[in-house]
Amino acid sequence: FPKQLVYTLSLLNKSKRKDLYKLAELWSGIRPSLLLCSNPSIHFTVFDSMKDVVLKHKADMNARLTMGEAFVIGLVAKFAATMATYPLIRAKVMLMVAKKKKCGSESLTSKNTLIGLLRGMYQNGGTKEMYRGCRLQLVHALLKSALLMMVKERIAVTTKR
């Protein structure tokens, strides 16, 4: 916490402090959420880069992607974005549902930060632990995104005529 906030909290009585901590818990996943804004950026950057490569290899200067090409490129681009950000997605979910455990050998409160959770996941099982549950996320995200890019390219072709 910033020094000003700590000072303000010290001036408040104990019951109001508890209310402020409850309010602060609502923002526990804000850092991962902000970092996850990079997922669409990565997705569209990879898509546009691959699209440029494919279009450069076509003889026609006014060539457009076919629906199949857009689908495959969208699938690959979303795969890259999801694989790059999945540990953050997982850490965000864990931060949002983490409960402070008072019993047991290890408390989640010691890992209630993004870096702490990522470090803990890596120490507990390496990259396999960081990407646990990724298959389901990939199936969902890849199909949805590939269809989105396919339809987007089709609409772009139709509206440019």
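Quick caveat, the model's predicted, so the values are computed rather than measured.

**Concerning the nonpolar core**
Consideration 1: In terms of nonpolar packing, the biggest core is built from 14 residues, with Leu88, Ala91, Leu114, Leu118 and Met121 touching the most fellow members.
Consideration 2: Membership of the second largest hydrophobic core comes to six residues, among which are Ala70, Ile73, Ala77 and Met149.

**Regarding the pattern of salt bridges**
Consideration 1: What the rule picks out here adds up to five salt bridges.
Consideration 2: With a shortest N-O distance of 3.2 Å, Glu153 and Lys51 are connected by a salt bridge. Here Lys51 lies in helix H4 (residues 38–56) and Glu153 lies in helix H7 (residues 134–160), a separation of 102 residues in the sequence.
Consideration 3: Taking relative accessible area as the criterion, Glu153 reaches 3% and is therefore assigned buried.
Consideration 4: On the accessibility criterion, Lys51 (18% relative accessible area) is buried.
Consideration 5: Lys58 is the partner of Glu69 in a salt bridge, and the nearest nitrogen-oxygen pair spans 2.9 Å. With Glu69 in helix H5 (residues 67–97) and Lys58 in the loop between H4 and H5, this residue pair connects regions lying 11 residues apart in the sequence.
Consideration 6: Residue classification places Glu69 among the partly exposed residues on the basis of a relative accessible area of 26%.
Consideration 7: In this structure, a network of salt bridges that share partners links the residues Lys51, Lys152 and Glu153.

**As for the environment of Leu36**
Consideration 1: Considering the arrangement of structural elements, one finds Leu36 in the loop between helix H3 (30–35) and H4.
Consideration 2: Separated by 49 residues in the primary sequence, Leu36 and Thr85 have C-alpha atoms spaced 6.8 Å apart.
Consideration 3: With residues near it in sequence (within four places) discarded, Leu36 still touches Thr85, Leu88, Ile89 and Lys92.

**Brief notes about the confidence of the model for the protein**
Detailed conclusions should not be drawn from predicted coordinates in areas where pLDDT is low.
Consideration 1: On average, the protein scores 80 in pLDDT, and the residues at 70 or more come to 71%.
Consideration 2: Note on residues 100–110: pLDDT is under 50 here. Beyond four places in sequence and across chains, it has six contacts.

Criteria and thresholds
Residues numbered from 1 in each chain as written. Predicted model: local features only at pLDDT ≥ 70, side-chain atom pairs only at ≥ 80, totals over all residues. Heavy atoms only, no water. Core = buried A, V, L, I, M, F, W, Y, C linked by side-chain atoms within 4.5 Å. Buried < 20%, exposed > 50% of the residue type's maximum accessible area, 1.4 Å probe, protein only. Salt bridge = Lys/Arg side-chain N within 4 Å of Asp/Glu carboxyl O. Helix = DSSP H or I, 4+ residues; strand = E, 2+ residues; numbered from the N terminus. Contact = heavy atoms within 4.5 Å. pLDDT = per-residue confidence, 0-100.

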